Amino acid sequence: PEAARFAGEAFGQFEEMLSGIPEGVLGDTIVNFHSMPWRLQQLRDSIAKDPLGRVAKVQDILEEIWRREDAMLIQERLHEEGKLPKRTIHCDTKVDNVLFDRSGRVLCVVDWDTVMPGFILSDVGDFIRSGVNFAPEDEPDLSKIGVNMEIYRAFVEGYLSTAGKFLTPIERSLIAYGGRLMTYMQTVRFLADYIDGDKYFKVKHPEHNLQRTRAQLRYLQCLEEKAEEMEALLK
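Keep in mind that this is a model prediction, so the values were computed, not measured. (Residues numbered from 1 in each chain as written. Predicted model: local features only at pLDDT ≥ 70, side-chain atom pairs only at ≥ 80, totals over all residues. Heavy atoms only, no water.)

Asker: Mind laying out unusual backbone geometry, listing which residues take part and the relevant values?
Answerer: We note that Cys 91 has phi near 75 degrees; this positive angle belongs to a residue other than glycine. Its place among the elements puts Cys 91 in the loop between β1 (87–89) and β2 (98–100). The exposure class of Cys 91 is buried, given its relative accessible area of 3%. Here Asp 111, not a glycine, exhibits a phi torsion of approximately 65 degrees, which is positive. Looking at the element boundaries, Asp 111 is found in the loop between β3 (106–109) and β4 (116–118). (Helix = DSSP H or I, 4+ residues; strand = E, 2+ residues; numbered from the N terminus. Buried < 20%, exposed > 50% of the residue type's maximum accessible area, 1.4 Å probe, protein only.)

Asker: Go over the packing of helix α5 (residues 120–131) against helix α6 (residues 149–163) with me, naming the residues and quoting the values.
Answerer: Running from N to C, α5 and α6 cross one another at 150 degrees; their axes reach a closest spacing of 10 Å. The angle between the axes of α5 and α6 places the two elements in the roughly antiparallel class. You can see that α5 and α6 cross each other, and the crossing is right-handed. Judged by residue contacts, Ile 120, Val 124, Phe 127, Ile 128 and Gly 131 of α5 engage Ile 151, Tyr 152, Phe 155 and Tyr 159 from α6. (Axes fitted to C-alpha atoms, helices over the stretch in contact; angles between N-to-C directions. Parallel < 35°, antiparallel > 145°, perpendicular 65-115°, else oblique. Left-handed = near helix turned anticlockwise from the far one by under 90°. Contact = heavy atoms within 4.5 Å.)

Asker: Which residues make up helix α3 (residues 59–68), and what are the values?
Answerer: Within the sequence span of α3, burial applies to Ile 61, Leu 62, Ile 65 and Arg 68. In an axial view of α3, the angular spread of the buried residues amounts to 135 degrees, which keeps them on one side of the axis. Seen from the open side of α3, the exposed residues pointing more than 90 degrees away from its buried face are Glu 63 and Arg 67. (Arc of directions from axis to C-beta.)

Asker: So what's going on with the nonpolar core? Residues and values would help.
Answerer: Counting residues in hydrophobic clusters, the biggest one holds 67 residues, and the most contacted among them are Met 36, Tyr 152, Tyr 159, Ile 175 and Leu 191. If you list the elements that add at least two residues to this core, you get α1 (2–18), α2 (36–49), α3, α5, α6, α8 (175–196) and α9 (208–225). Contacts of Tyr 159, omitting those with residues within four sequence positions, involve Gly 8, Glu 9, Phe 11, Gly 12, Glu 15, Ile 120, Val 124, Gly 164, Leu 167 and Ile 175. (Core = buried A, V, L, I, M, F, W, Y, C linked by side-chain atoms within 4.5 Å.)

Asker: Would you mind going over the pattern of salt bridges in detail, with residue names and values included?
Answerer: Where charged atoms from two side chains of opposite charge come close, those side chains can pair. Taken as a whole, this structure holds 17 salt bridges when the rule is applied. Here Arg 54 makes a salt bridge to Asp 198, at a shortest N to O gap of 3.2 Å. Residue Arg 54 is found in the loop between α2 and α3, and its partner Asp 198 is found in the loop between α8 and α9; the two are separated by 144 residues along the sequence. As a salt-bridge pair, Arg 129 and Glu 137 come within 2.8 Å of each other at their nearest N and O atoms. Its relative accessible area of 7% is what places Arg 129 among the buried residues. Overall, the relative accessible area of 31% leaves Glu 137 in the partly exposed class. Connected via shared salt-bridge partners are Glu 64, Arg 67, Arg 68 and Glu 224. (Salt bridge = Lys/Arg side-chain N within 4 Å of Asp/Glu carboxyl O.)

Asker: Residues and numbers for the side chain of Thr 183, please.
Answerer: Examined against the element boundaries, Thr 183 turns out to sit in helix α8. For Thr 183, a relative accessible area of 0% corresponds to the buried category. Excluding its chain neighbours within four sequence positions, the residues that come into contact with Thr 183 are Arg 129, Gln 216, Tyr 219, Leu 220 and Leu 223.

Below, the structure is given as structure tokens:
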């Protein structure tokens, strides 16, 4: 929890320091990297091609994905309505990308190659996806997957202590949703790559991307079960 709090402070401070950069000054390092509509279109394209005939065995997962599709396009709709700003964000907020000293204090945020315009939901969401889960993102035993509320609380407290200086009320209210959004996005990306024949993510065995997909989907369900509690902490 202490490390999560420090990481939250670090990423929030990182965003706060860059919050004065006007939209449009920086370009996209990776075009459509965290674009949910584009990721869903990628999946549709993969399904249409189905080069290895894998679509038939993932119908249950696809049903879960399409059932949530509309709810996972909220940030784009809010942006179009002028209610959710784009900011300069890190876009890869894993704990691995924070350097700590021997005492556990943060030295700095590293790995800036993905710094570009985006929504803060990407940054908070990717940490919740990768750091708040009790299990790794490719955990084969789905019973081990769950939401570590102690880590979540510590991260949010740290993040809001620094990023709270510039966040809008809407951004603040969507922090827990960001975790669900980025977990859903990763589910979609792992599944699309599995259908494509494992061309993007490195795999350790032929079913590795499918294993990752099922683990992320289970974690998404856990986040949904905890949504009310997670959102209450933001208030």
